[in-house]
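Below are the chains, spelled out letter by letter.
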Amino acid sequence: MPLQPLLHDEVAVIAAPTQAWSAASGDVGANPVHGYWTGDQRVVSAVALEVAGTGIEPIATVSTSAREVVFTGLLRGLDGAGADPDVRLDRRRRVRVDGVTESVRITDRRAPGGSLDVVVRITPDAAAMDAVKGGGGAVPVTARVHDGGSVTWRSGSVDVVLTAPGARVGVVDGAVVLCWTLDRARTIEVGWDCAVAVPSGVEGAVVSGVRSRRPFDPPADVADDRLRRWLDRATDDLDALRLARPEGEFLAAGAPWFFTLFGRDSLWAARFLLPVDTTIAAGTLRVLAALQGTRVDPSTAEQPGKVMHELRQGSLPIDNEELSLPPLYYGTVDATPMWVCLLHDAWRAGMPDDQVRALLPALERALAWMRDHGDADGDGLLEYVDESGRGLANQGWKDSGDSVQWRDGTLADGPIALCEVQGYAYEAAVHGADLLDAFGRPGGDDWRGWADRLATRFRETFWVRDDVGAHPAIALDADKRAVDSATSNIGHLLGTGLLSASEEAVVAARVVAPDMASGFGLRTMSTTAAGYWPLSYHGGSVWAHDTAVVIAGLTRSGFSSEARTLAEQLLAAAVAFDFRMPELHAGDAASEVGRPAPYPAACRPQAWSAAAAFPVWVAMR
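Structural notes, computed from the coordinates. (Residues numbered from 1 in each chain as written. Predicted model: local features only at pLDDT ≥ 70, side-chain atom pairs only at ≥ 80, totals over all residues. Heavy atoms only, no water.)

### Observations regarding the overall build of the protein chain
A count of helices and strands for the protein chain gives 14 helices and 29 strands. Against the 2.2 N^0.38 benchmark of 25 Å for 621 residues, the protein chain shows a C-alpha radius of gyration of 26 Å, consistent with a compact globule. Dimensions of the protein chain, computed from C-alpha atoms along their principal axes, come out at roughly 85 × 55 × 50 Å. For the protein chain, buried positions account for 59% of its 621 residues. Intrachain contacts of the protein chain at a sequence separation of at least 6 include 65% that bridge at least 24 residues. Accessible surface, the protein chain as shown: approximately 22,700 Å² in total, 49% of it carbon and sulfur. Each charge class in the protein chain was averaged separately, 57 positive and 81 negative side chains, and the resulting centres sit 5 Å apart. (Helix = DSSP H or I, 4+ residues; strand = E, 2+ residues; numbered from the N terminus. Rg over C-alpha atoms; globule rule 2.2 N^0.38 Å. Buried < 20%, exposed > 50% of the residue type's maximum accessible area, 1.4 Å probe, protein only. Contact = heavy atoms within 4.5 Å. Areas by Shrake-Rupley, 256 points an atom, 1.4 Å probe, with all protein chains shown as cover. Lys, Arg positive; Asp, Glu negative; His and termini not counted. Charge placed at Lys NZ, Arg CZ, Asp CG, Glu CD.)

### Brief notes about the pattern of salt bridges
Tallying each qualifying case throughout the model produces 48 salt bridges. Through salt bridges that share partners, Asp-377, Asp-379, Glu-383, Arg-457 and Lys-480 make up one connected network. (Salt bridge = Lys/Arg side-chain N within 4 Å of Asp/Glu carboxyl O.)

### Considerations on the nonpolar core
Among the nonpolar cores identified, the biggest contains 157 residues, and Trp-230, Trp-339 and Met-370 are the most heavily contacted of them. Broken down by element, the residue count for this core peaks at 10 residues, all from helix 8 (residues 419-438). Excluding residues within four positions of it along the chain, Trp-339 makes contact with Leu-267, Leu-285, Leu-288, Ala-289, Val-307, Leu-359, Ala-362, Leu-363 and Ala-366. With 44 residues, the next largest nonpolar core counts Ala-20, Tyr-36, Val-118 and Trp-180 among its residues. (Core = buried A, V, L, I, M, F, W, Y, C linked by side-chain atoms within 4.5 Å.)

### Observations regarding the packing of helix 5 (residues 335-349) against helix 7 (residues 360-374)
Between helix 5 and helix 7, whose axes approach to 9 Å, the crossing angle comes to 140°. Regarding the angle of helix 5 to helix 7, the classification is oblique. Once helix 5 is placed against helix 7, the crossing between them reads as left-handed. Two secondary-structure elements touch here, helix 5 through Thr-336, Pro-337, Trp-339, Val-340 and Leu-343 and helix 7 through Ala-362, Leu-363, Ala-366, Leu-367, Trp-369 and Met-370. In terms of residue class, the contact of helix 5 with helix 7 is built from 10 nonpolar, one polar and no charged. (Axes fitted to C-alpha atoms, helices over the stretch in contact; angles between N-to-C directions. Parallel < 35°, antiparallel > 145°, perpendicular 65-115°, else oblique. Left-handed = near helix turned anticlockwise from the far one by under 90°. Nonpolar A, V, L, I, M, F, W, Y, C, P; charged D, E, K, R; others polar.)

### Focus on the sheet that holds strand 3 (residues 35-38)
The pairing of strands in a sheet comes from backbone hydrogen bonds and takes either a parallel or an antiparallel form. Strand order in the open sheet made by the seven strands is 1-2-3-4-9-14-13, with antiparallel pairing throughout. The open sheet has two free edges, formed respectively by strand 1 (11-15) and strand 13 (168-172), since each of these has just one partner strand. Strand-to-strand, the axes of this sheet are offset by a mean angle of 20°, without reference to chain direction. Pairing of strand 13 with strand 14 (residues 175-183), which is carried by five bridges, proceeds in the antiparallel orientation. In the sheet register, Arg-168 faces strand 14, and the bridge partner there is Cys-179. (Pairing = 2+ DSSP bridges.)

### Quick word on the pairing of strand 18 (residues 248-251)
Residues Gly-248 and Phe-250 line one face of strand 18 and the alternating positions Glu-249 and Leu-251 line the opposite face, and both faces are buried. Pairing of strand 17 (residues 242-245) with strand 18 involves four bridges; the strand directions are antiparallel. Note that in strand 18 the partner of Ala-244 across the bridge is Glu-249. If you look at the hairpin formed by strand 17 and strand 18, you'll find two residues sitting between the two strands.

### Notes on the sheet that holds strand 16 (residues 208-209)
Taken in spatial order, the three strands of this open sheet run 16-17-18, and their pairing is antiparallel. Looking at strand neighbours, the two that pair on one side only are strand 16 and strand 18, the edges of this open sheet.

Shown next as structure tokens:
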């Protein structure tokens, strides 16, 4: 059975929409994810480097930025007598929005004379991202050598041009072979460039790269060196994840699988950045407003006023093609209220009034969606169900098939009303009303009344109890029964206004209790639940953004001590992952392990995981 590639030991350099993946040695080809990519298209699947027929022994991998990495190795087969290494190889890989450049520098302290051959074999490829994620292999394509030494090929709809100054160029058994014969000297340098472009007349990418200077910087004068290093690394990664559509810039969800627009991910990442920047929020809001639903279409989950979930160039098979998402997919229950929440918070953070005013029609449509479509059965709560049979069964941020479980481990039946979505909806209604009032538009009081009714309904139906104490259920199932497992979802209610002060105190205490707080962040599921497993995607692992949402909620609600506790835990995890936080990591207790185990298929870097550094910074000020 084909398996999704594991990522935790691999090295990524990115400049969205381009990325390059390799082993820590710099070698490309051993892992199915390896290669040069642009958007959802791989253009090179393997790169093999050989110097004078001797092996390269790797000794260091240093990322100088999100876009550049240097792999250092030794050519011990060229050494003279003695224990000291004499010949060093530094391979520098740099990614830009339209290609990948590699250079090789060989430094020889003896330079005994003679010559050596440097040979590079590059395998052109046309595999699609979804196929590789599903365990598929390379899709060879034919390369053509031109006068002057350039090489071209077509990968899907992408044109590729490879150049290598000074090299003899050929194609052998499908691979492009570059060969330099060089005088052995103190320093030798060779290199190649792989440029990618979508040709004119062909339908282009749905998103494009960004070349402008980033609009945000890490905060200055951060006393904690660990936090300063995380903020610096996170800022660099977020800069490299910037993408654009005509309406503005936004943050791609993450590498390698999600170099595109995701409603939920892009909204949370932009919201986390508000203490230092509102321009990414403004661009994200405009981009999503331009794609706001206008009709009812069960095949795409589109509904009037609804904010989309995911944008791709083509349909996306998932779960070994048992399910398939359309190119523009709306199967998310939370992105629409979250859009409203971001608009309000960005306005409060300084987004210009004229930009906010231009989005008020989209605000009114988003609010109307909550009432007219989000609450499908009219019970005053937002719920979801996949009507197409080909989409996501769960449509909150925990979108895996087993994410909504009873305490005994059995799965809940939909339609599902998630607890945190009620918090987002309440906050959206109240803050949407504030925006309507501030800009002289009607309806504010009606939305406050709607929010009050939702809060009453929530209080009547969601509260349950386990051995630790009372807590909100993760959800209501199809029969409106409270699904009683304790999960991190409850922490998202903090700061939304949905809970009373005493209810917030109960939730604040629970999210830092030992069954929930691992020591490296907040577990997605309590250890008291039968379904808990520290390496379960949504049933016991720790997600950086999830913990950061709760940290931000604790901060807004005045629980500064609890916020700092979780912030310190997430910072400890950031140190363990060399300050590039993965999408998620294992939920093992810090009292039992010295560092968190990686979730081996986690994306890294991930926009909302990188942006999680900013709520941590706010909590620790």
